[in-house]
Every structure is written in C-alpha cells, then in structure tokens.
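Residue-level structural notes
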Amino acid sequence: MQLETYISDLLYRYECVTVPEFGSFLTQRVSATIDETSNAFFPPKKILSFNEQIQKNDGLLAHYIADVEQISFEAANKKIAKRVNVLKANLTQGETLNFKNIGTLVFNSESKMMFEPSYQVNYLTDAFGLSQFVSPSVTREVYKEQIEAVEKVIPLTISSEKRKNRPYFKYAAIAVIALTLGGYVASNMYVNEIEQHNQIAQQEAAQQLDNKIQQATFSLNPLPAANLKVTKQTGKYHIVAGAFRVEDNCDAKIAELKALGFSARKIGVNRFGLHEVVYASYEDRLEALKALRTIKSEHNKDAWLDVRVLD
C-alpha cells in the first residue's frame with residue numbers, strides 16, 4: 001500500500017493528516033515571499049511539518065483509503081497498522097523514511113523523529129499554476145548626485161551685472177504669468193459653454209422622448225408560458241475539483257468546468273472554512289468512484305471524493 005500517496009492527496013484539502021500510532025503531518029499557509037539577494041519571487045504555499053505527539057486515530061485517513069480501495073473501514077485501519085509497524089521497524093534500524101512529495105523522517109541521537117519537508121509540491125490549491133520566477137535587478141540612476149558633481153567642477157552662477165544686462169528675464173516672467181492667467185480664464189469660459197450646450201441638448205432630448213411616448217400606441221399580447229426542466233443534483237458522494245478560501249474564486253472554476261461539460265456547482269463550506277466546487281454529485285458510491293477515476297486520469301489528478309450529506 002502506497003501510504004504516502006494517500007497522505008499526499010489529503011494534504012491538499014486538510015491542515016492535519018494523522019497516521020494512527022505514528023504521528024501527524026501538518027500544513028501551514030505562508031504568503032508570497034521575495035529573496036532580495038537573488039531577486040526571486042516565490043508564490044504563496046503550504047509548508048509541511050510533522051508532530052509525533054498527535055497519534056490519535058481521527059478516521060480521516062482510513063475513510064479515504066476505504067473509499068478509494070473499496071474496502072471496509074476496519075480493513076483500512078488494519079492496512080494502516082501493518083504499514084506503521086514496518087515504518088517503525090525501519091526507523092529503529094537507523095533507516096531514513098522517504099515519503100514521496102512530502103519529506104523524509106529519521107531518528108536522531110535521542111530517538112526522536114526528525115522531519116525534513118520536501119518542496120517539490122505546493123499543496124496550496126489557491127496557488128495552482130503559480131511558479132517562482134527571477135526578476136532582473138532594477139538599476140536606479142541618481143541624477144541629483146551627478147548634477148552636484150558637475151556643479152563642483154563648473155559652478156553655474158549669474159552675477160548682478162549679467163542680471164542688469166538681461167532685463168528680458170523680467171519681461172519673460174511677466175509674459176508667462178499673463179499667458180497662464182489668460183489660459184485659465186479661457187479654459188473656464190470654454191467649460192461653461194460646454195455645460196450650457198449639454199444642458200440644452202438634454203432638455204431637447206427629454207422633450208422629444210415625451211412627445212414620442214404620448215403619440216405611441218402599445219399592443220400588449222400575453223406571452224406563452226415557458227416550461228423549464230431543471231435537474232437537481234442529489235447524492236452524498238461529491239467529486240471535488242477544488243477548495244477555495246475566497247468564495248469569489250469558485251465562480252471562475254465553475255465556469256471553466258461547465259465549459260468542459262461538467263455539472264459543476266458549489267456545495268458549501270467544509271470544516272476547515274474552504275468553499276468546495278464539485279464536478280458532480282452521485283447517489284451511488286461505486287458510480288462516484290468510477291467517475292473519480294476517469295476525472296483523475298483525464299482531467300485532474302488532484303480531484304478527490306468528499307462524502308457528506310448536504311443540508
């Protein structure tokens with residue numbers, strides 16, 4: 001049994017996946033980051049950790065294995081216990097456990113489990129399709145420092161004699177002020193003319209509309225009744241396409257799935273506060289599992305089965 005595959009599937013949806021009598025894999029969301037030394041941008045993600053103190057069986061892993069392998073809950077628990085015994089024996093012998101796409105576990109000198117997470121997979125579904133990238137460095141030219149350096153070599157000064165010999169500076173300043181004031185006055189007059197023209201045009205349009213309404217005759221014929229056939233999806237077996245913390249993101253996912261021919265919809269909020277979007281819902285468990293296998297092989301390998309009764 002590939003236990004790490006089932007754990008990896010559940011880490012996309014849950015913040016804690018417990019392996020009974022072994023420990024729990026935990027996820028924590030972190031925001032996007034920037035490495036200033038390499039100019040690398042990293043998208044938001046879930047970081048993984050391991051806590052060997054949390055070993056109580058919450059049934060999450062066993063239920064998922066039972067649904068996927070079509071076995072009973074008790075048989076799934078026996079498979080987990082058998083696998084855990086092998087893992088503990090390997091750790092005791094000093095081996096390093098490698099969980100694909102999750103991380104590695106090994107005993108330290110104090111016989112405590114040391115976990116090193118793997119960063120090959122981003123378990124944050126909201127960041128699907130985002131990858132890290134490196135931006136070219138931004139160079140800034142400080143023109144002020146360059147000008148100050150030039151002024152130290154070639155000082156720019158205007159003596160009092162030059163000011164007396166160049167009276168056109170005074171007249172040029174007066175001309176600029178006059179042009180500015182004149183432009184401001186002309187601009188206000190132009191704006192006022194436009195507003196008056198718009199008011200007159202609106203009044204004429206309103207008057208013409210009133211005249212046409214008074215002259216018009218209306219023939220109101222009853223429209224035939226429209227019969228719409230609406231198929232309501234039922235069933236407690238839901239094939240989930242994704243879970244979103246922001247509900248507005250669900251609409252884009254639903255539109256995408258409907259364009260592919262699926263009866264996509266929202267089924268509400270799960271126990272972790274995430275809004276779930278499903279491909280479809282089924283009454284029969286075997287039919288749902290068959291559809292899940294098809295979707296995972298042809299459309300979305302990260303799709304999963306959620307079993308719950310909707311209100």
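A few points on the structure. (Residues numbered from 1 in each chain as written. Predicted model: local features only at pLDDT ≥ 70, side-chain atom pairs only at ≥ 80, totals over all residues. Heavy atoms only, no water.)

With that settled, the discussion passes to the environment of Ile54. Tracing the backbone shows Ile54 in the loop between strand S5 (45-51) and helix H2 (60-69). Judged by relative accessible area, Ile54 falls into the partly exposed class, the value being 33%. Spatially, the C-alpha atoms of Ile54 and Thr18 are 7.1 Å apart, while their sequence positions differ by 36 residues. When sequence neighbours within four positions are dropped, the list of residues in contact with Ile54 reads Thr18, Gly23 and Ser24. (Helix = DSSP H or I, 4+ residues; strand = E, 2+ residues; numbered from the N terminus. Buried < 20%, exposed > 50% of the residue type's maximum accessible area, 1.4 Å probe, protein only. Contact = heavy atoms within 4.5 Å.)

Another aspect to go through is the packing of H2 against helix H3 (residues 73-92). Helix-helix packing is described using two parameters, namely the angle between the two axes and the distance between the axes. Two numbers describe how H2 lies on H3: the axes approach to 8 Å, and their chain directions differ by 110°. When the interaxial angle is binned, H2 and H3 end up roughly perpendicular. Like other packed secondary-structure pairs, H2 and H3 cross with a definite hand, here right-handed. Two secondary-structure elements touch here, H2 through Leu61, Ala62, His63, Ile65, Ala66 and Glu69 and H3 through Phe73, Ala76, Asn77, Lys79 and Ile80. (Axes fitted to C-alpha atoms, helices over the stretch in contact; angles between N-to-C directions. Parallel < 35°, antiparallel > 145°, perpendicular 65-115°, else oblique. Left-handed = near helix turned anticlockwise from the far one by under 90°.)

Our next topic: the environment of Lys56. Positionally, Lys56 belongs in the loop between S5 and H2. Under the relative-accessibility criterion, Lys56 is labelled exposed at 74%. With 32 residues separating them in the primary sequence, Lys56 and Ser24 have C-alpha atoms 9.1 Å apart.

Here the focus is the pattern of salt bridges. Per the stated rule, a full pass over the model turns up seven salt bridges. Lys266 serves as the salt-bridge partner of Asp251, at 3.8 Å between the closest nitrogen and oxygen. Linking Asp251 in helix H7 (residues 248-259) with Lys266 in strand S11 (residues 265-269), this pair joins segments that are 15 residues apart in sequence. Residues Arg308 and Asp306 are paired through a salt bridge, measuring 3.0 Å at the closest nitrogen-oxygen approach. Residues joined by salt bridges that share partners form a network here, namely Glu247, Asp251 and Lys266. (Salt bridge = Lys/Arg side-chain N within 4 Å of Asp/Glu carboxyl O.)

Moving on, we get to the sheet that holds strand S6 (residues 97-99). Read from one edge of the open sheet, three strands run S6-S7-S8, paired in antiparallel fashion. Of all strands in the sheet, those bounded by a partner on one side alone are S6 and strand S8 (113-117). Looking at each pair of strands side by side, their axes are set apart by 20° on average, direction ignored. Sheet topology note: the S6/strand S7 (residues 103-107) ladder contains three bridges and is antiparallel. Within S7, the residue paired with Phe99 across the bridge is Gly103. (Pairing = 2+ DSSP bridges.)

Quick look at helix H8 (residues 285-298) now. With 14 residues, H8 should cover 20 Å at 1.5 Å per step; its first-to-last C-alpha distance of 20 Å lies within 8% of that length. Residues Ala288, Leu289, Ala291, Leu292 and Ile295 constitute the buried set of H8. For H8, the arc enclosing every buried residue in end-on projection is 165°, short of the 170-degree limit, so these residues lie on one face. Exposed positions of H8 whose direction lies more than 90 degrees from the buried face are Lys290, Ser297 and Glu298. On its buried face, H8 is in contact with H2, strand S10 (237-244), strand S12 (275-282) and strand S13 (304-307). (Expected span 1.5 Å × (residues − 1). Arc of directions from axis to C-beta.)

This part takes up the nonpolar core. Formed by 32 residues in total, the largest nonpolar core has its most connected members in Ile7, Val19, Phe22, Phe25, Leu61, Ile102 and Leu105. If you list the elements that add at least two residues to this core, you get helix H1 (3-11), strand S1 (16-19), S5, H2, H3, S6 and S8. Among the elements that make up this core, the one with the highest residue count is H2 (six residues). Among residues more than four places away in sequence, those in contact with Leu105 are Phe22, Phe25, Phe50, Leu91, Glu95, Thr96, Leu97, Phe99, Met113, Met114 and Phe115. In this structure, Ala241, Ala280, Leu292 and Leu305 belong to the second largest nonpolar core, which totals 20 residues. (Core = buried A, V, L, I, M, F, W, Y, C linked by side-chain atoms within 4.5 Å.)

That is the geometry; function is a separate question.
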